Amino acid sequence: AKKEEDKLSQTEKIQKRAEIEQKAETKARESTQKLKEQVKIEMREERKKNLEQIRAIRTKQAEMLHTLSLVRADSQCKGQSNFIRTKAFPPIFWAPKTWKIKTEDLVKETKEEVEKERDQVRDRLIKFREEEVAAEAARQAEIEARIASLQARAEYAREEEEAKEPDQEAKGEAQETQEVEEVDEDEEEIVL
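> Now, about the overall build of the chain: what can you tell me, with residues and values included?
Counting its secondary structure elements, the chain contains three helices and two strands. Counting from the amino terminus, the chain carries its helices and strands in the arrangement α-β-β-α-α. Per-residue burial for the chain yields a buried fraction of 19% across its 192 residues. Put simply, of all contacts in the chain between residues at least 6 apart along the chain, 67% involve residues at least 24 apart. Carbon and sulfur atoms make up 54% of the accessible area of the chain, which totals about 15,600 Å².

So this is what it looks like as structure tokens:
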């Protein structure tokens, strides 16, 4: 009778130990998953922040290039407006050794033509910049729509995962990880 009681107590101890180990493994697995999710979320947020900084830098760079183009056009026109332009192509800008009334009239005529061309160049540059800004806004809207779609797809995949049986969790984790990585890669491709 005592041997049976010892065997029963040992089996109970073994069962309790197994239950405790199983609970500990489950907690460890859950904490590992939470940690992985947290790290992924932090990495996504950091990546998103970096990509926003890159976009801001590109926008600022485009604005500076536009401003530089306008300044160059103005300075080039200012330099040309003090000379006489020939009617031939390519035009030659020259200044006579001695100035007469006729040469001063030619300089005024050249100045008017150069200013007219400068205004045309300015208008083209401004129009081009407006088109760039509109295209960038459309591109940004498309990127945001695609990111939202990808995030919704990833969320749907997560919900599907949670609905699966516990035995299939290990397989689901691998698929979820792969899907999330694909979404992350797609986000990077979209932005760049």
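> Please set out the confidence of the model for the chain residue by residue, giving values where relevant.
With 84% of its residues at a pLDDT of 70 or more, the chain shows a mean pLDDT of 83. Confidence scores differ between elements of the chain, with helix H3 (residues 169–191) showing the lowest mean pLDDT of 57 and helix H2 (residues 101–163) the highest of 89.

> Got a sec to walk through the pattern of salt bridges? Specific residues and values, please.
Tallied over the entire structure, the rule returns 10 salt bridges. For Arg 129, the salt bridge goes to Glu 63, with nearest N and O atoms at 4.0 Å. With a gap of 66 residues between them, Arg 129 in helix H2 and Glu 63 in helix H1 (residues 2–80) connect regions that are remote in the sequence. Using a relative accessible area of 13% as the deciding quantity, one classes Arg 129 as buried. By relative accessible area, which is 37% here, Glu 63 ends up partly exposed. Across the pair Glu 117 and Arg 85 runs a salt bridge, and its minimum N-O distance is 3.0 Å. On the criterion of sequence distance, the pair formed by Glu 117 in helix H2 and Arg 85 in strand S1 (residues 84–85) is long-range, its members being 32 residues apart.

> I'd like a description of the side chain of Thr 110, backed by residues and values.
Position of Thr 110 relative to the elements: it lies in helix H2. Overall, the relative accessible area of 2% leaves Thr 110 in the buried class. Polar side-chain contacts of Thr 110 include one of 3.0 Å to the backbone nitrogen of Arg 85. Dropping the residues within four chain positions of it, Thr 110 is found in contact with Gln 80, Phe 83, Ile 84, Arg 85 and Phe 93.

> Run through the side chain of Thr 103, naming residues and quoting values.
Checked against the element boundaries, Thr 103 lands in helix H2. A distance of 2.7 Å separates a polar atom in the side chain of Thr 103 from the backbone nitrogen of Lys 100. In this structure, Thr 103 is in contact with Ile 84, Pro 96 and Thr 98, ignoring residues within four places of it in sequence.

Definitions and cut-offs
- Residues numbered from 1 in each chain as written.
- Predicted model: local features only at pLDDT ≥ 70, side-chain atom pairs only at ≥ 80, totals over all residues.
- Heavy atoms only, no water.
- Helix = DSSP H or I, 4+ residues; strand = E, 2+ residues; numbered from the N terminus.
- Buried < 20%, exposed > 50% of the residue type's maximum accessible area, 1.4 Å probe, protein only.
- Contact = heavy atoms within 4.5 Å.
- Areas by Shrake-Rupley, 256 points an atom, 1.4 Å probe, with all protein chains shown as cover.
- pLDDT = per-residue confidence, 0-100.
- Salt bridge = Lys/Arg side-chain N within 4 Å of Asp/Glu carboxyl O.
- Polar contact = N/O pair within 3.5 Å; in protein donor to acceptor, adjacent residues only side chain to side chain.

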